[in-house]
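A look at the structure
Chain residues, written in single-letter form:
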Amino acid sequence: MDTNKIREAVRLFLEGIGEDPQREGLLETPDRVARMCEEIYGGLGNDAAEHLSKQFTVGNNEMVLEKDITFYSTCEHHLLPFYGKAHIAYIPDGRVVGLSKLARTVEVYARRPQIQEQLTVQIADALDKFISPRGVMVMIEAEHMCMTMRGVKKPGSKTVTFAARGCFAEDHEKQKMFMEMLKA
Ligand code: ZN
């Protein structure tokens with residue numbers, strides 16, 4: 001990440017909106033924003049493979065569900081936050097990953113300029129690719145600041161997205177089971 005470019009861009013941005021980047025309160029802002037970017041866009045230099053390559057063999061192939069994985073991302077259209085919860089289920093085909101790796105995978109794709117639909121698909125495809133399970137289902141519920149603090153201003157409204165792969169895509173009973181387990 002080129003933090004010099006970020007600092008320069010923030011100074012220009014402040015000037016652009018009519019601020020004085022030299023006033024006391026803003027002096028260190030370019031630096032703060034640059035450091036923040038390394039964290040909130042840190043997923044750009046990351047690959048889900050590093051989290052999903054360590055796997056364990058299992059004898060039973062029952063559904064694994066990790067729900068309420070809190071995430072924060074940035075909408076690529078407005079560079080405003082969107083945040084909420086991801087729910088991930090998969091039915092293994094002899095191999096599983098550590099539960100924390102599912103949350104790590106969410107972070108890899110959330111910490112970059114993003115849209116919710118793509119975030120959902122990227123998580124599902126990464127699990128599908130690296131664990132090769134019988135099926136994967138990802139559901140994300142999120143609130144978008146670009147919908148609440150600007151534009152249509154509908155605080156509390158949630159956007160819900162799904163992605164299903166393998167047996168979850170083919171078998172509606174499996175999708176129903178996922179929904180039931182989310183409510184439990
Ligand atoms: Zn937006």
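Residues numbered from 1 in each chain as written. Predicted model: local features only at pLDDT ≥ 70, side-chain atom pairs only at ≥ 80, totals over all residues. Heavy atoms only, no water.

1. Overview of the sheet that holds strand E2 (residues 64-75)
What links the strands of a sheet is backbone hydrogen bonding, and the strands pair in either a parallel or an antiparallel sense. Filter applied, for reference: By this definition, two strands are paired if DSSP reports at least two bridges between them. Per the convention used, a helix needs a DSSP run of H or I reaching at least four residues, while a strand needs a run of E reaching at least two, with both numbered from the N terminus.
Across the sheet, which stays open at both edges, the 5 strands sit in the order E5-E2-E3-E6-E7 with mixed pairing between neighbours. The open sheet has two free edges, formed respectively by strand E5 (113-114) and strand E7 (159-166), since each of these has just one partner strand. Direction of pairing for strand E6 (residues 135-144) relative to E7: antiparallel, over a ladder of 8 bridges. Paired with Val136 across the two strands is Arg165, which belongs to E7.

2. Re the coordination of the zinc ion
Each donor-metal-donor angle in an ideal tetrahedron of four donors is 109.5 degrees, and each such angle in an ideal octahedron of six donors is either 90 or 180 degrees. Going by this rule: Only N, O and S atoms count as donors, using a 2.8 Å limit from the metal and a wider 3.2 Å limit for Na, K and Ca, and since water is excluded some coordination spheres may look unfilled.
With distances of 2.1 to 2.2 Å, the protein atoms coordinating the zinc ion are Cys75 (SG), His78 (ND1) and Cys146 (SG). Expressed as a motif, the donor residue spacing for the zinc ion is C-x2-H-x67-C.

3. What about the packing of helix H1 (residues 3-16) against helix H2 (residues 29-40)?
Stated precisely, the cut-off is as follows: To get an axis, a line is fitted to the C-alpha atoms, and for a helix only the part in contact is used. The angle between two axes follows their N-to-C directions and goes from 0 to 180 degrees. Relative orientations are named as follows: roughly parallel for angles under 35 degrees, roughly antiparallel for angles over 145 degrees, roughly perpendicular for angles from 65 to 115 degrees, and oblique for any other angle. It is the rotation of the near helix from the far one that decides the hand of a crossing: anticlockwise by less than a right angle makes it left-handed, clockwise makes it right-handed. Should any heavy atoms of two residues lie within 4.5 Å, those residues are counted as being in contact. Any residue outside Ala, Val, Leu, Ile, Met, Phe, Trp, Tyr, Cys, Pro, Asp, Glu, Lys and Arg is labelled polar, Gly included; the first ten of those are nonpolar and the last four are charged.
With their axes 8 Å apart at the nearest point, H1 and H2 run at an angle of 130 degrees to one another. Put simply, H1 runs oblique to H2. Crossing geometry of H1 relative to H2 is assigned as right-handed. For the pair H1 and H2, contact is made by Thr3, Ile6, Arg7, Val10 and Arg11 and by Thr29, Pro30, Asp31, Val33, Ala34, Cys37 and Glu38, respectively. Residue composition of the contact of H1 with H2, grouped by class: 6 nonpolar, 2 polar and 4 charged.

4. Some thoughts on unusual backbone geometry
Quick note on the threshold: Burial status follows relative accessibility: with a 1.4 Å probe on protein chains alone, a residue under 20% of its type maximum counts as buried, one over 50% as exposed, and anything between as partly exposed.
Although it is not a glycine, Asp68 adopts a positive phi angle of roughly 60 degrees. Tracing the backbone shows Asp68 in strand E2. For Ser132, which is not a glycine, the phi torsion comes out positive at approximately 45 degrees. Within the fold, Ser132 resides in the loop between helix H5 (116-131) and E6. Residue Ser132 is classed as partly exposed on the basis of its relative accessible area of 36%.

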